[in-house]
Amino acid sequence: MLPASPSLQRTLTQTTMNKTVEPRHFPPGTGKTYKLGQMTMTFTTKAEHNQGGYTLCEAVEPPQSGASLHRHPTYDETFIICEGSYAFQLDKAMLTLGPGDTVFVPRGTPHSFLSTGPQVGRQIIISSPGGIFDAFIAEVAASMVDSGSPARPGVAVDFRAIAAKYGMEFLS
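Residues numbered from 1 in each chain as written. Predicted model: local features only at pLDDT ≥ 70, side-chain atom pairs only at ≥ 80, totals over all residues. Heavy atoms only, no water.

Chemist: Describe the pairing of strand E5 (residues 76–83), naming the residues involved and giving the relevant values.
Modeler: Two faces make up the sheet, and in a regular strand the side chains alternate between them. Pairing of E5 with strand E10 (residues 121–128), which is carried by 7 bridges, proceeds in the antiparallel orientation. In the strand pairing of E10, Asp76 is matched with Ser128. Sheet topology places E5 next to strand E8 (residues 102–105); 4 bridges connect them, and they run antiparallel. If you follow Glu77 over to E8, its bridge partner there is Val105. (Pairing = 2+ DSSP bridges. Helix = DSSP H or I, 4+ residues; strand = E, 2+ residues; numbered from the N terminus.)

The following block contains the structure:
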């Protein structure tokens with residue numbers, strides 16, 4: 001498992017530190033939305049809005065969708081369950097989560113989650129520092145478009161290779 005490259009960290013820092021932080025309102029439905037498989041992820045507050053402090057994402061997952069066991073040494077994550085039921089692995093502990101539950105995942109801690117249904121799950125994910133998780137998701141989404149469309153042919157990209165670029169390691 002490798003941390004994000006120094007050049008990537010420097011780029012993220014320069015991008016976020018040179019902008020003035022201003023108050024913002026994000027009405028429902030605004031932000032940058034990505035569809036990854038069955039999951040829909042909408043990013044509102046990003047590193048560029050808060051000098052790299054954090055990224056905030058709303059994730060909507062139908063039953064039986066989620067993220068397999070992984071870890072990342074470059075950022076912490078906080079998950080706030082808004083709707084639905086989740087099976088959540090936090091290191092070696094297995095948790096059953098529902099609306100109102102919050103889980104903090106320190107950097108480097110193995111974790112996974114699965115929306116268990118029967119209703120669609122919705123959670124808020126906060127990653128800190130910001131800019132790493134959203135850059136990873138943007139690159140994975142772009143690689144899916146580049147490799148999955150006759151209009152944009154390309155070689156299929158292994159998301160694990162992209163993850164490694166951002167210091168993430170998938171364990172299952």
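Chemist: Any chance you could break down unusual backbone geometry for me, citing the residues and the numbers?
Modeler: Note that the residue after Gly117, namely Pro118, is joined by a cis bond; omega there is 10 degrees. Tracing the sequence through the fold places Pro118 in the loop between strand E9 (111–115) and E10. Note that the residue after Ser128, namely Pro129, is joined by a cis bond; omega there is 0 degrees. Tracing the chain through its elements places Pro129 in the loop between E10 and helix H2 (132–148). Positive phi, normally seen in glycine, also occurs at Gln64, with a value near 70 degrees. Secondary-structure assignment places Gln64 in the loop between strand E3 (55–61) and strand E4 (66–71). Despite not being glycine, Asp91 has its phi angle at roughly 60 degrees, a positive value. Classification of Asp91 as partly exposed rests on a relative accessible area of 38%. (Buried < 20%, exposed > 50% of the residue type's maximum accessible area, 1.4 Å probe, protein only.)

Chemist: So, the sheet that holds E9: which residues are in play, and what are the values?
Modeler: Strand order in the open sheet made by the 5 strands is E7-E6-E9-E4-E11, with antiparallel pairing throughout. The open sheet has two free edges, formed respectively by strand E7 (93–97) and strand E11 (169–170), since each of these has just one partner strand. Two elements, E4 and E11, share 2 bridges in a ladder whose sense is antiparallel. By the bridge assignment, Arg71 is partnered in E11 with Glu169.

Chemist: Outline the pairing of E7, supporting the account with residue identities and numerical values.
Modeler: Where strand E6 (residues 86–90) and E7 come together, 5 bridges link them in antiparallel fashion. Each residue of the ladder has a partner; that of Tyr86, found in E7, is Leu97. Counting the residues between successive antiparallel strands, the hairpin from E6 to E7 contains 2 residues, one of them, Asp91, with a positive phi of roughly 60 degrees.

Chemist: An account of the packing of aromatic side chains is requested, with residue identities and associated values reported.
Modeler: All chains considered together, the criterion is met by 9 aromatic pairs. Ring geometry for Phe159 and Phe170: centres 4.9 Å apart, planes at 80 degrees, overall edge-to-face. On the criterion of sequence distance, the pair formed by Phe159 in helix H3 (residues 159–165) and Phe170 in strand E11 is long-range, its members being 11 residues apart. Judged by its relative accessible area of 31%, Phe159 is partly exposed. Phe170 sits in the buried class, given a relative accessible area of 17%. Among the aromatic residues, those joined into a cluster by ring pairs are Tyr34, Phe43, Tyr75 and Phe133. (Phe/Tyr/Trp six-rings, centres within 6.5 Å; stacked < 30°, edge-to-face > 60°.)

Chemist: Tell me about the side chain of Thr42, residues and numbers included.
Modeler: If you trace the backbone, Thr42 turns up in strand E2 (residues 39–43). Leaving out residues up to four positions away in the same chain, Thr42 has contacts with Thr30, Gly31, Lys32, Thr33, Leu56, Cys57 and Glu58. (Contact = heavy atoms within 4.5 Å.)

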